[in-house]
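Below are the chains, spelled out letter by letter.
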Amino acid sequence: MIDRGLFYKCYRETRTMGLLFCGGLFAFEFFLSAVLPMFNDQVSSMLEMPFIRVMFSAMLGMDLGDSIAAEAMAAFAWVHPAILILIWTQVAIYSVRLPAGEIGRGTFDLILAMPVSRQRIYATHTMLGLAWGILLMVCGVLGSKLGALAFDETGLRNSILFPVVLNLFALYLAVGGISMLVSCIFNRKGSALGLVFGVLIATLILNFLVQLWGPAGDLNFLSLLEYYRPMTIISGAWPVTDMLVLTTIGAVCWLIGGQVLKNKDIPVL
């Protein structure tokens, strides 16, 4: 289903970026897992302030009780805005490389000249994206575990960390599917990235707005972060439905993108 030569070409062109993002996530998780538990007492005091409680609730996805400050801080390492932005940036930049990036550079004609169908090109690009996503999650877990170990912190138990990371990977798939669809529609990488980041920023804004303005709750289902709730997992529930929703969003967008690419007229830019 994939072309090994094209797979290696894509890997060669993206390995520096991919490894930098993996190293960045490792460093972020290492730092957050080591440092955040040190502020449990301060956070307990801060949560008494309504505005701070609303901000934490917006990011963690549920109202916080006084008894779960330590767990909330451990979960915060997986929903910190810097973590989400890093992961989203990686998957968005990678996904819009083909075809929008190649068309914009005027090199997509060379790829199409290969004895490989468009569907196979699309599938090869997708498989490498999945591989980078899995490596990204592994680096995050390693950073979290080593950070907790180095500073003698407990961190999240494996029974909780595993579904959190699966839920995060489902979010990665959703953003990747959306990005690949947008890339197939546009002929310029900049335009595709602009729309993708616009959608992601809107997701962040809506996630906060719901906590601050009641009527916005009717639109919360439009936010991708509505389906990524680490605190729900800590409360004992596996987010099976949420992961299915995110995976379905990614798969549907990916399939539509494939059909768009199959029938797309490639302009000479």
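One can find the structure itself at the top, above this paragraph.
Residues numbered from 1 in each chain as written. Predicted model: local features only at pLDDT ≥ 70, side-chain atom pairs only at ≥ 80, totals over all residues. Heavy atoms only, no water.

A. Looking closely at the overall build of the protein chain. Looking only at helices and strands, the protein chain has 12 helices and 0 strands in total. Counting from the amino terminus, helix and strand elements in the protein chain follow one another as α-α-α-α-α-α-α-α-α-α-α-α. Across the protein chain, the fraction of contacts at a sequence separation of at least 24, relative to all contacts at a separation of at least 6, is 80%. Carbon and sulfur atoms provide 69% of the accessible area of the protein chain, an area that totals close to 12600 Å². (Helix = DSSP H or I, 4+ residues; strand = E, 2+ residues; numbered from the N terminus. Contact = heavy atoms within 4.5 Å. Areas by Shrake-Rupley, 256 points an atom, 1.4 Å probe, with all protein chains shown as cover.)

B. Here's a closer look at helix α6 (residues 97-105). The element α6 is largely enclosed, with a buried count of 7 among its 9 residues. Of the residues making up α6, those classed as buried are Arg97, Leu98, Pro99, Ala100, Gly101, Glu102 and Ile103. Following α6 by one or two positions, Gly106 has its phi on the positive side, about 75 degrees. (Buried < 20%, exposed > 50% of the residue type's maximum accessible area, 1.4 Å probe, protein only.)

C. Local environment of the side chain of Thr14. By the secondary structure assignment, Thr14 is in helix α1 (residues 4-35). Among the polar contacts made by the side chain of Thr14, one reaches the side chain of Trp132 at a distance of 3.2 Å. Setting aside residues up to four positions removed in sequence, Thr14 forms contacts with Tyr94, Arg97, Leu128 and Trp132. (Polar contact = N/O pair within 3.5 Å; in protein donor to acceptor, adjacent residues only side chain to side chain.)

D. Inspection of a nonpolar patch on the surface at higher detail. There is a patch of nonpolar side chains on the surface, built from Leu19, Ile134, Leu135, Val138, Leu142, Leu146 and Leu149 and spanning about 630 Å² of accessible area. Element by element, the count of residues in the nonpolar patch is highest for helix α8 (residues 118-150), at 6 residues. One can find Leu149 in helix α8. (Patch = residues over 30% accessible without salt bridge, like charges linked within 9 Å, V, L, I, M, F, W, Y side chains within 5 Å. Salt bridge = Lys/Arg side-chain N within 4 Å of Asp/Glu carboxyl O.)

E. Seen up close, the pattern of salt bridges. All chains considered together, the criterion is met by 6 salt bridges. For Lys9, the salt bridge is made with Glu102, and the minimal N-O distance between the two is 3.9 Å. One end of the pair, Lys9, is in helix α1; the other, Glu102, is in helix α6, and 93 residues separate them in sequence. Of the charged contacts, one joins Glu102 and Arg97 as a salt bridge, the two residues approaching to 3.7 Å between their closest N and O atoms. Arg97 carries the same exposure label as Glu102, and that label is buried. Members of the salt-bridge network, linked through shared partners, are Lys9, Glu13, Arg97, Glu102 and Arg105.

F. Looking closely at the packing of helix α5 (residues 81-95) against α8. Put simply, α5 and α8 touch, their axes get as near as 10 Å, and they point 165 degrees apart. Between α5 and α8, the interaxial angle falls into the category roughly antiparallel. Of the two possible hands of crossing, α5 and α8 adopt the one that is right-handed. Residues Ile87, Gln90, Tyr94 and Ser95 of α5 pack against His125, Leu128, Gly129, Trp132, Leu136 and Met137 of α8. Among the residues making up the contact of α5 with α8, the classes are represented as 6 nonpolar, 4 polar and no charged. (Axes fitted to C-alpha atoms, helices over the stretch in contact; angles between N-to-C directions. Parallel < 35°, antiparallel > 145°, perpendicular 65-115°, else oblique. Left-handed = near helix turned anticlockwise from the far one by under 90°. Nonpolar A, V, L, I, M, F, W, Y, C, P; charged D, E, K, R; others polar.)

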